[in-house]
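A closer look at the structure
Take a look at the letters that make up each chain.
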Amino acid sequence: MSSKASKFDLVISGVGGQGAILASDIIGKSAVLENYNVRAAETHGMAQRGGSVVNHVRIGCDLGSMIPLKGADCLLALEPVEALRYIDSLADDGVVIMNTEAVHPVTVTTGKAEYPDVESIVAELRKTHRVIAFNATEKAAEAGSRQAMNVVLVGAVSNFLPIKTETLLERVKEMVPPKTIDTNVKAFEMGRSMVE
Amino acid sequence: MNTREYMLGNVAIARGIVEGGGRVISGYPGTPSSEIVDTLSKMKERDFYVEWSVNEKVAMEVATGAAMTGVRSVVTMKHVGLNVAADPLMTLSYMGVKGGMVVIVADDPGCHSSQNEQDTRKYSEFSLMPCLDPSTPQEAKDMIPYAFELSEKFELPVIFRPTTRISHGKADIELGEITEHRVQAKFEKDTSRWVMVPSNAVVRHPHLLSIQDGIREELEISPWNELTIKEDSKIGVIAAGIASVYAKEAIENLGVSASYLKIGAYPVPEGLIKKMYEQVDTVLVIEELEPIVEDRCKIIAKDMESSVKIIGKTDGTVPRVGELNVDHCVKALADVFEIESGLPEIKEIEMELPPRPPAMCAGCSHRATYYAMKKVFGKNAVFPSDIGCYTLGIQNGTVDTTLCMGASIPVASGIYHSGEKQPICCSIGDSTFFHTGMNGLLNAVYNKANITVAILDNRITAMTGHQPNPGMGLTSTGEVTKEINLEQLCHGLGAEFVEVVDSFDVKATIEAFKRAKDYEGTSVIISKQPCIIYARRTGVRLTPFKVDHDKCVGCRMCVNLGCPAIEFDKETKKSTINTTCTGCGLCAEVCKFDAIKEVQK
Ligand SMILES: Cc1ncc(C[n+]2csc(CCOP(=O)(O)OP(=O)(O)O)c2C)c(N)n1
Ligand code: SF4
Ligand code: SF4
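Residues numbered from 1 in each chain as written. Chains lettered and ligands numbered in written order. Predicted model: local features only at pLDDT ≥ 70, side-chain atom pairs only at ≥ 80, totals over all residues. Heavy atoms only, no water.

Looking up chain B in an unreviewed UniProt entry gives the name Indolepyruvate oxidoreductase subunit IorA, with the organism given as Methanococcoides alaskense.

We count it as follows: UniProt positions are given in the numbering used here, feature names are shortened, and annotations may be inferred rather than shown by experiment.
By the naming in an unreviewed UniProt entry, chain A is Indolepyruvate ferredoxin oxidoreductase subunit beta, taken from Methanococcoides alaskense. Database annotation for chain A, UniProt heading Catalytic activity (unreviewed entry): "indole-3-pyruvate + 2 oxidized [2Fe-2S]-[ferredoxin] + CoA = (indol-3-yl)acetyl-CoA + 2 reduced [2Fe-2S]-[ferredoxin] + CO2 + H(+)". According to the UniProt record, the Subunit (unreviewed entry) comment for chain A is "Heterodimer of the IorA and IorB subunits."

Here's what the structure looks like:
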């Protein structure tokens with residue numbers, strides 16, 4: 001069950017450097033423009049060097065930024081293992097939107113740990129939740145740049161947010177580097193169409 | 001006009017400094033405080049002075065000097081920075097200020113990016129300076145102008161203590177007016193105030209104590225404390241700082257009725273606490289880190305011979321370590337109300353997930369230096385280290401100790417003087433060397449420590465978000481200034497063996513380390529190569545590398561460097577270099593089979 005203190009609770013997880021902060025900024029800024037109070041918590045600092053990162057975005061909330069356990073309405077994961085790592089933050093009736101493109105941590109590249117099979121991660125998540133899984137990195141590449149993966153996922157989650165699509169799209173245009181606007185708009189729309 | 005903006009807590013704090021008329025702002029970077037000075041430094045129009053100082057003690061003293069002249073000043077740092085600045089702090093409270101001075105110290109409950117989780121509110125008790133403890137980014141911004149005024153009223157600096165969730169939280173912020181307050185700086189000579197010799201100090205100490213009641217009364221009625229009495233309940237909740245919003249959400253979620261006191265300023269509001277005691281028989285105190293409010297509550301209850309029961313950290317109901325959250329508060333409240341918490345059951349994730357610790361970036365120059373260092377000194381050598389991106393070398397076996405900033409060289413000296421037989425090579429970053437490393441080197445040379453010091457000069461303060469330092473020839477605002485020459489500086493500190501190498505020239509670096517190791521006495525290697533992340537931001541592009549799979553024998557030599565760009569395919573037993581390669585060339589240097597080459601354009 002999601003919290004009464006907030007209208008929509010979103011957890012965004014990923015790997016430092018993937019653009020989780022831009023994703024939460026686009027959403028947070030849009031929500032404020034639609035007159036919601038917003039509270040967000042971000043990972044800055046040490047973990048940004050390729051570590052596991054997680055952001056909380058609470059739309060329509062004027063208390064703290066940390067979403068209670070099993071309180072999130074949606075878990076947006078930029079990386080498969082990072083979806084499973086934060087599944088405890090998602091409400092039982094919440095939805096997972098995830099990128100299936102794996103980023104191997106050094107523990108895996110140096111052979112100290114194994115990276116699980118992505119399909120079995122998705123299957124594991126499906127046991128308990130509705131899961132929308134697709135390769136957002138490939139979609140971004142199709143749109144023009146792998147870097148736009150975060151915006152593909154913002155497009156996908158836009159189907160669930162209590163925010164108008166135009167408001168989000170305007171923020172995308174405003175917040176990405178000017179040269180990449182077309183790519184990012186395309187990325188957003190591709191992501192949006194991934195959810196029926 | 002819409003004055004509501006979505007911003008980072010630290011950006012809101014910077015805005016608060018502008019609204020409050022801060023004139024001189026100094027700081028030393030440290031997560032989660034750095035973006036305050038970063039934001040002020042990047043502002044295009046500025047009617048204030050801002051600097052990155054070389055360490056927190058220096059920063060505190062710069063802000064003190066400014067406040068002596070009557071202008072408003074701010075110093076920023078992370079919690080452990082206040083240990084470095086504790087010396088000026090403790091006497092500054094005797095001396096006091098003329099212009100308002102705010103000491104911003106960001107705490108990091110849960111050690112997200114820190115070596116400990118000390119509680120700055122203890123320094124407030126210790127120094128007798130009042131402390132403001134925001135519960136939201138909005139309050140954080142609003143507290144700054146208030147803090148300037150409070151500070152001027154009592155001629156005492158005010159400590160302002162955000163935590164990670166405030167500083168690195170984002171929220172919609174209602175902007176305020178920028179004050180008209182302008183004071184012409186004027187240093188007025190007054191030895192009784194500004195010269196803390198014993199005869200003046202013994203006068204100022206009782207003065208400091210005498211103003212405490214006034215401060216408490218002023219804070220008692222401040223907007224930062226808030227009391228709601230519930231006449232239908234015998235239970236009260238007292239929650240401080242950010243824990244107050246968690247507690248509020250928990251009360252709402254559980255649907256219980258409790259009197260509620262939010263505390264946002266110290267010394268604590270004794271009057272409000274006493275009022276709560278008149279209504280309730282049990283009080284649950286919720287605060288992050290140390291039981292400061294809790295202890296005060298107990299003392300107040302004892303003084304008024306109240307039988308109210310105070311529950312909190314001492315009895316284990318509220319955790320004393322780490323960050324708090326809504327779930328902790330729900331659990332504590334459920335315990336006190338003797339009801340079901342209704343907290344969800346959390347199942348263990350059945351699949352084993354690979355840990356994802358932070359790692360040095362692909363092409364980080366520190367990796368190359370560490371490789372050369374380890375090659376020369378061997379894995380049995382002792383490698384004391386310091387704090388910075390290079391601490392991530394813990395994965396490479398070249399970080400044996402990390403205590404606090406600047407400790408690497410003295411710790412190495414101590415290990416040497418104890419009679420340790422293994423060779424000793426310590427590592428320290430450029431910013432850390434300027435911060436407190438210099439004294440350590442001076443001491444090592446002076447006391448004849450036979451050690452090698454590697455200064456990992458990546459030309460920037462990387463870990464905290466790429467702030468300039470004295471070695472760069474740039475100030476915080478990007479103005480060109482004297483570039484401090486590390487080599488000359490080391491010579492100036494007495495070191496006779498000082499060699500500068502290019503970190504990416506692995507062969508030359510190895511040779512230099514060999515000479516340094518053989519040298520009797522304190523030898524210094526300055527390994528120089530800009531942080532690749534910063535270099536790329538300024539347009540530098542090196543040619544990436546790739547593995548020739550015909551030549552790769554799967555020996556894993558390159559993989560063991562721990563570069564995130566190198567992956568190993570278990571099936572084919574060959575290394576591959578992915579798109580994140582930045583072209584440092586270290587792996588090509590390491591490969592014995594000549595299998596790694598620059599990508600041909
Ligand atoms: C007393 C204190 N102040 C600040 C910090 C925060 N901090 C951690 S590492 C670091 C600086 C690192 O810069 P440098 O030594 O140049 O190494 P780099 O990260 O660039 O490799 C700082 C300021 C701290 N840990 N302790
Ligand atoms: S930010 Fe720079 S110094 Fe830090 S790990 Fe990355 S490359 Fe190395
Ligand atoms: S050249 Fe080799 S070690 Fe350097 S960044 Fe590329 S893959 Fe990593």
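1. Here's the deal with the overall build of chain A
Threshold: Counting from the N terminus, the helices are the DSSP runs of H or I reaching at least four residues and the strands are the DSSP runs of E reaching at least two. Every radius of gyration here is taken over C-alpha atoms, with the globule rule written as 2.2 Å times N^0.38, N being the number of residues. Only protein chains enter the area calculation, which uses a 1.4 Å probe; residues under 20% of their type maximum are buried, those over 50% are exposed, and those in between are partly exposed.
Within chain A one finds eight helices and six strands. Reading the helices (α) and strands (β) of chain A from amino to carboxyl end gives β-α-β-β-β-α-β-α-α-β-α-α-α-α. A globule of 196 residues ought to have a C-alpha radius of gyration of about 16 Å, and chain A, at 16 Å, matches this closely. Put simply, chain A has 196 residues, and 65% of those count as buried.

2. Remarks on the interface of chain B and chain A
The line we're drawing: Working rule for contacts: check all heavy atoms of both residues, and any pair within 4.5 Å makes them a contact. The quantity reported as buried area is the accessible area (1.4 Å probe) lost by two parts once they are put together, taken as the sum for both. What counts as a salt bridge is simple: a side-chain nitrogen of Lys or Arg found within 4 Å of a carboxyl oxygen of Asp or Glu. Polar contact criterion, stated in full: a pair of N or O atoms within 3.5 Å, where within protein one must be able to donate a hydrogen and the other to accept it, and residues adjacent in sequence count only if both atoms are side-chain atoms. For two strands to be treated as a pair, DSSP must find at least two bridges joining them.
With 52 residues of chain B at the contact, the number on the chain A side is 60 residues. Regarding the contact of chain B and chain A, the summed buried area is about 4900 Å², with carbon and sulfur atoms giving 57% of it. Where chain B meets chain A, there are seven salt bridges. One salt bridge in this structure joins Arg356 of chain B and Glu82 of chain A, with 2.6 Å as the shortest N-O distance. In this assembly, chain B and chain A are joined by 19 residue pairs in polar contact (both at pLDDT 80 or more). At the level of elements, β1 (4-8), β8 (169-174), α12 (243-254), α15 (326-337) and β20 (566-569) of chain B are the ones that each hand at least two residues to the side of chain B that touches chain A. It is α12 of chain B that provides the largest number of residues to the side of chain B that touches chain A, a total of six residues. Sheet analysis places strand β2 (residues 38-41) of chain A next to β8 of chain B, joined by three bridges and oriented antiparallel. The residue bridging Ala40 of chain A from the neighbouring strand is Lys170 of chain B, located in β8 of chain B.

3. Thoughts on the UniProt feature "domain: Pyruvate/ketoisovalerate oxidoreductase catalytic" (unreviewed entry) in chain A
What UniProt calls "domain: Pyruvate/ketoisovalerate oxidoreductase catalytic" (unreviewed entry) maps, in this numbering, to residues 16-192 of chain A. Annotation note: span residues 16-192 of chain A, helix share 41%, strand share 19%, distance between end C-alpha atoms 24 Å.

4. Here's the deal with the sheet that holds strand β12 (residues 265-266) of chain B
Hydrogen bonds between backbone atoms are what pair the strands of a sheet, whose relative direction is either parallel or antiparallel. Residues and elements named next belong to chain B. Which entries qualify depends on this criterion: Axis lines are fitted through C-alpha atoms, for helices just across the contact stretch, and the angle between N-to-C directions can take any value from 0 to 180 degrees.
Strand order across the open sheet formed by seven strands is β3-β2-β4-β5-β7-β6-β12, with mixed pairing between neighbours. Either end of the sheet is taken by a strand with one partner, and the two such strands are β3 (49-52) and β12. Against the sheet, helix α3 (residues 56-68) engages β2 (24-27), β3, β4 (73-78) and β5 (101-106), with an angle of about 165° to β4.

5. Side note on the domain arrangement of chain B
Frequently, the measure chosen for interface size is the accessible area that the parts lose on association. Residues and elements named next belong to chain B. Here is the rule we go by: As used throughout, domain bounds are those supplied by an automatic or database domain assignment.
What the domain assignment reports for chain B is domain 1 (4-182 + 195-220), domain 2 (226-337), domain 3 (365-537) and domain 4 (545-598). On the domain 2 side, the residues contacting the 28 residues of domain 1 number 26 residues. Contact between domain 1 and domain 2 buries roughly 2100 Å² in total, counting both sides, with carbon and sulfur atoms accounting for 55%. Looking at the side of domain 1 facing domain 2, the largest losses of area belong to Arg121, Arg216 and Glu220, adding up to 29% of the total buried there. There are three salt bridges connecting domain 1 and domain 2. Put simply, Glu323 and Arg165 hold a salt bridge, and the shortest N to O gap is 2.6 Å.

6. Topic: the site of ligand 1
All names here are of chain B. Rule in force here: A molecule or strand has a residue near it when one of that residue's heavy atoms lies within 4 Å. What sets the accessible areas is the Shrake-Rupley method with a 1.4 Å probe; for residues, cover comes only from the shown protein chains.
Neighbouring ligand 1 are 26 residues, the closest being Glu56, His366, Asp430, Thr432 and Ala462. Within the side chain of His366, an N or O atom sits 2.7 Å from an oxygen atom of ligand 1. Contact between ligand 1 and Asp430: an oxygen atom at 2.6 Å from a side-chain N or O atom of the residue. Taken by itself ligand 1 offers 580 Å² of open surface, and the protein chains cover 97% of this. Counting residues per element, the ones that place at least two in the shell around ligand 1 are α4 (81-84) and α18 (430-446). Among the elements that make up the shell around ligand 1, the one with the highest residue count is α18 (four residues). A domain-level breakdown of the shell around ligand 1 finds at least three residues from each of domain 1 (4-182 + 195-220) and domain 3 (365-537).

7. Notes on helix α16 (residues 365-377) of chain B
All names here are of chain B. How we decide: Given a helix with a known number of residues, its expected span is that number minus one, times 1.5 Å.
Counted at 1.5 Å a residue, the expected span for α16 with its 13 residues is 18 Å, and the 18 Å between its end C-alpha atoms agrees. A large share of α16 lies buried, amounting to 11 of its 13 residues. What α16 keeps buried is the set Ser365, His366, Arg367, Ala368, Thr369, Tyr370, Tyr371, Ala372, Met373, Val376 and Phe377. Elements that come into contact with the buried residues of α16 comprise β15 (425-429), β16 (452-457), α20 (506-518), β18 (523-528) and α22 (586-590). Gly378 sits one or two positions beyond α16 and adopts a positive phi of about 80°.

8. Describing the site of ligand 3
Heads up, the condition is: Charged residues are taken to be Asp, Glu, Lys and Arg, nonpolar residues to be Ala, Val, Leu, Ile, Met, Phe, Trp, Tyr, Cys and Pro, and polar residues to be all remaining types, Gly included.
Around ligand 3 there are 13 residues in total, and Cys563, Cys581, Cys584, Gly585 and Cys587 of chain B lie nearest to it. Taken together, the residues of the shell around ligand 3 sort by class into nine nonpolar, four polar and no charged.

9. As for the UniProt feature "binding site: [4Fe-4S] cluster 1" (unreviewed entry) in chain B
All names here are of chain B. Per the UniProt entry, the sites bearing "binding site: [4Fe-4S] cluster 1" (unreviewed entry) are Cys552, Cys555, Cys558 and Cys591 in this numbering. The largest pairwise C-alpha distance within this set of annotated residues, which runs over 40 residues, is 10.3 Å, so the set is compact in three dimensions. Within the fold, Cys555 resides in the loop between β19 (545-547) and β20. Residue classification places Cys555 among the partly exposed positions, given a relative accessible area of 36%.

10. Regarding the packing of aromatic side chains
Two aromatic rings, taken as a pair, are described by how far apart their centres are and by the angle between their planes. All names here are of chain B. Quick note on the threshold: Pairing of aromatic side chains requires ring centres within 6.5 Å, counting the rings of Phe and Tyr and the six-membered ring of Trp. Pairs whose planes differ by under 30 degrees are stacked, by over 60 edge-to-face, and all others tilted. Criterion for a charge above a ring: Arg CZ or Lys NZ at most 6 Å from the ring centre, at most 35 degrees from the ring normal.
For the structure on display, the rule yields four aromatic pairs over all chains. Between the aromatic rings of Tyr146 and Trp224, the centroid separation amounts to 5.4 Å while the plane-to-plane angle is 85°, which identifies the pairing as edge-to-face. Of this pair, Tyr146 sits in helix α7 (residues 137-154) while Trp224 sits in the loop between α11 (212-220) and β9 (226-228), placing them 78 residues apart in sequence. Like Trp224, Tyr146 is buried. Directly above the aromatic system of Phe377 lies the positively charged group of Lys517, at a separation of 6.0 Å from the ring centroid.

11. Looking at the pairing of strand β4 (residues 72-77) of chain A
Residue and element names in this part refer to chain A. Within β4, six of the six residues are buried, which leaves the element mostly enclosed by the surrounding structure. One ladder, built from four bridges, connects strand β1 (residues 8-15) with β4; its direction is parallel. Across the sheet, the residue bridging to Ser13 is Ala77, located in β4. By the bridge criterion, five bridges tie β4 to strand β5 (residues 90-99) in an arrangement that is parallel. Bridge pairing links Ala72 to Leu90 in β5.

12. A word on the UniProt feature "binding site: [4Fe-4S] cluster 2" (unreviewed entry) in chain B
Residues and elements named next belong to chain B. Mapped onto the present numbering, the UniProt feature "binding site: [4Fe-4S] cluster 2" (unreviewed entry) falls at Cys563, Cys581, Cys584 and Cys587. These residues run over 25 residues, yet every pair of their C-alpha atoms falls within 10.5 Å of each other. Along the polypeptide, Cys581 turns up in the loop between β21 (574-577) and α22. For Cys581, a relative accessible area of 15% puts it in the buried group. Excluding its chain neighbours within four sequence positions, the residues that come into contact with Cys581 are Pro544, Phe545 and Ala565. The contact partners of Cys584, leaving out residues within four places of it in the chain, are Gly363 and Phe504.

13. A word on the confidence of the model for chain B
Here is the rule: Per-residue confidence from the prediction method is given by pLDDT, with values spanning 0 to 100.
Confidence along chain B averages 97 in pLDDT terms, with 100% of residues attaining 70 or more. We note a pTM of 0.97 for the whole complex and an ipTM of 0.96 for its interfaces.

14. Here we look at the pattern of salt bridges
Residues and elements named next belong to chain B. Taken as a whole and assessed by the stated rule, the structure comprises 46 salt bridges over all chains. One salt bridge connects Lys153 with Glu218, and the closest N-O pair in it is separated by 2.7 Å. On the criterion of sequence distance, the pair formed by Lys153 in helix α7 and Glu218 in helix α11 is long-range, its members being 65 residues apart. The partly exposed category is assigned to Glu218, whose relative accessible area is 23%.

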